[in-house]
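Listed below are the residues making up each chain.
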Amino acid sequence: MDLTRAAVAELRALERTTLTLHTPRHPGWRPVFPLAHLAEHLLGRELGRLPGLSALTGHLRKDVITVRFLLSPAGRAGLDVDRIVELADTSPADFAQEQRVLAVEDAILPEALRSAGRLPASLARFREEWRRTEPRPTLVRQPFVSSRLAELLDPATPPPPPPDHTAAAGAGTARDGGTDERREHAEALAAVRRRTGGQEPELFLCGGPLDQYWGATSVLLAGLSAYRSALFRQLREGPRPVYCLKLFDFPWRSRRYVACVTRPAVGPAAFRADIGPRAAEIVRNLGPADLRTVLAEGRLAVLDEFVSVLDHPPRRAWVPLLARLNGFSARPADLARPVLDCAVGDLARCRDAFLVAYTRELRRDASEHNGEVANGQADKGKAAKEKEDAA
């Protein structure tokens, strides 16, 4: 069985499971928000330990918690919903760590929704309050492969033709009159700011020529950003947890750019000094088992994004333009094929190339920052000397 057929068979066996819990109803829902918010975090930890489970996400809106995940056939037998919802296996260490993560998340929440000073002091007291939630949770399961996604998973679809770099180069030249990398970088950064609601990426680098979007690099970055990846989990541990680090590639003209965004934003200086090097070390040390998790999570995330693009006409209209600029097919089945064919070896190669560019950008940003500091100190010294001479 080739890679495409194996991936399709695996995807068709998955169920998308939605766990919905209603928190205690109060005249105003805000007083109960911290309790429900911490429960959502702890549920994620408990579910994240189950075998055969992928693509875990949690949402909390007013008095409703929604946790979505995918289960393989092997994982269904191990799902004891009551035990999970009661947080029976939550340890005091997990309880304390998720409180630290919530303290970090407070920075991006309105004052009324922050958790500081509003949570039970002990795990036993928290469990006691959480058990009073009524009604009991509901569990809804449906096939992961929707009708839209089924159109893309035809293993009989022949591989796409190789990219036409001549056409791509011609399209880029005709549009901007040349290949000014600094200008292209600035335009791509502005486009990413629009995508992130104005947030400045802590790191933004050129990932090299773009042959195929939604390929191995996209799978790698999406998988590293997933809840169950080693990068995500390790950054959320310890005394200085990170609430969220998202890596994504952004196609622009003939190049692929990579953005690193944290929530809450820490700023480029703090990123260079702490989170950036920590993330690089974790990614560098990923073993084969970690990369298999990245592959499974990244493939699912990219396919979900792909379906979202196809289901929204404004975003779908962007695909033919991207294909024309970069020289690859715009047929949905052709675009999905590299995602299905991606293997652990492909991710390992992409990981190595990504780390080279990533660490180079970290060093470049650090040297530029040090240069700016040195120039600023020199300017201050010069101003003080001129003032002394004038006196």
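Residues numbered from 1 in each chain as written. Predicted model: local features only at pLDDT ≥ 70, side-chain atom pairs only at ≥ 80, totals over all residues. Heavy atoms only, no water.

Student: Explanation requested: the pattern of salt bridges in the structure shown.
Tutor: Side-chain pairing between opposite charges can occur once the charged atoms of the two side chains come close. With the rule as written, the count across this model stands at 29 salt bridges. The partner of Asp 94 in a salt bridge is Arg 49, and the shortest N-O contact between them spans 2.5 Å. Pair noted here: Asp 94 is in helix H5 (residues 92-105) and Arg 49 is in the loop between helix H2 (33-48) and strand E2 (53-61), with a separation of 45 residues, a long-range link. Among the residues examined, Asp 94 registers a relative accessible area of 9% and is labelled buried. Linking Asp 334 and Arg 331 is a salt bridge whose minimum nitrogen-to-oxygen distance equals 3.0 Å. Assessed through its relative accessible area of 3%, Asp 334 is described here as buried. A single network of salt bridges, built from pairs that share partners, joins Arg 45, Glu 46, Arg 49, Asp 94, Glu 98, Arg 236 and Glu 237. (Salt bridge = Lys/Arg side-chain N within 4 Å of Asp/Glu carboxyl O. Helix = DSSP H or I, 4+ residues; strand = E, 2+ residues; numbered from the N terminus. Buried < 20%, exposed > 50% of the residue type's maximum accessible area, 1.4 Å probe, protein only.)

Student: Help me out: how do you make sense of unusual backbone geometry in this one?
Tutor: The bulk of non-glycine residues show a negative phi, and the bulk of peptide bonds are trans. With an omega of -5 degrees, the peptide bond between Arg 263 and Pro 264 qualifies as cis. Structurally, Pro 264 is set in the loop between strand E7 (255-263) and helix H12 (268-284). The backbone phi angle of Ala 55 is positive, close to 50 degrees, even though this residue is not glycine. Mapping Ala 55 onto the fold places it in strand E2. Exposure remark for Ala 55: the relative accessible area of 23% places this residue in the partly exposed category. Unlike most non-glycine residues, Trp 214 shows phi in positive territory, near 55 degrees. Tracing the backbone through its elements, the reader meets Trp 214 in the loop between strand E5 (203-209) and helix H10 (216-225).

Student: What should I look at first to understand the packing of aromatic side chains in this one?
Tutor: Between two aromatic rings, the relevant description is the distance of the centres plus the angle of the planes. Overall, the coordinates contain eight aromatic pairs when judged by the stated rule. Note on Tyr 227 and Phe 232: the rings are 5.3 Å apart at their centroids and 40 degrees apart in plane angle, and the pair reads as tilted. Take Phe 232: its relative accessible area is 12%, and that puts it in the buried class. Among the aromatic residues, those joined into a cluster by ring pairs are Tyr 213, Trp 214, Phe 306 and Trp 318. (Phe/Tyr/Trp six-rings, centres within 6.5 Å; stacked < 30°, edge-to-face > 60°.)

Student: Please explain the layout of surface pockets as it appears in this structure.
Tutor: If you roll a probe as big as a water molecule over the atoms, it shows you where there is empty space left. Its volume calculated, the largest pocket comes out at about 1300 Å³. Forming the walls of the largest pocket are 43 residues, and the residues nearest its centre are Leu 56, Thr 57, Gly 58, His 59 and Ser 225. Those elements that provide at least two residues to the lining of the largest pocket are H2, E2, strand E3 (64-71), H10, strand E6 (244-252) and helix H13 (288-311). Broken down by class, the residue content of the lining of the largest pocket amounts to 23 nonpolar, eight polar and twelve charged. (1 Å grid on protein atoms, 1.4 Å probe; cavity = no way out; pocket = protein on both sides within 12 Å on 5 of 7 lines; lining within 4 Å. Points joined across faces, edges and corners; volume = space filled by probe spheres on them. Nonpolar A, V, L, I, M, F, W, Y, C, P; charged D, E, K, R; others polar.)

Student: Would you mind showing me how to read the confidence of the model for the protein chain here?
Tutor: The predicted coordinates ought not to be read in detail in places where the model reports low pLDDT. Residues of the protein chain with pLDDT of at least 70 account for 83%, and the chain-wide mean is 83. Predicted confidence is poor over residues 167-178, with pLDDT under 50, and the contacts of this stretch with residues over four places away or in other chains come to 15 contacts. (pLDDT = per-residue confidence, 0-100. Contact = heavy atoms within 4.5 Å.)

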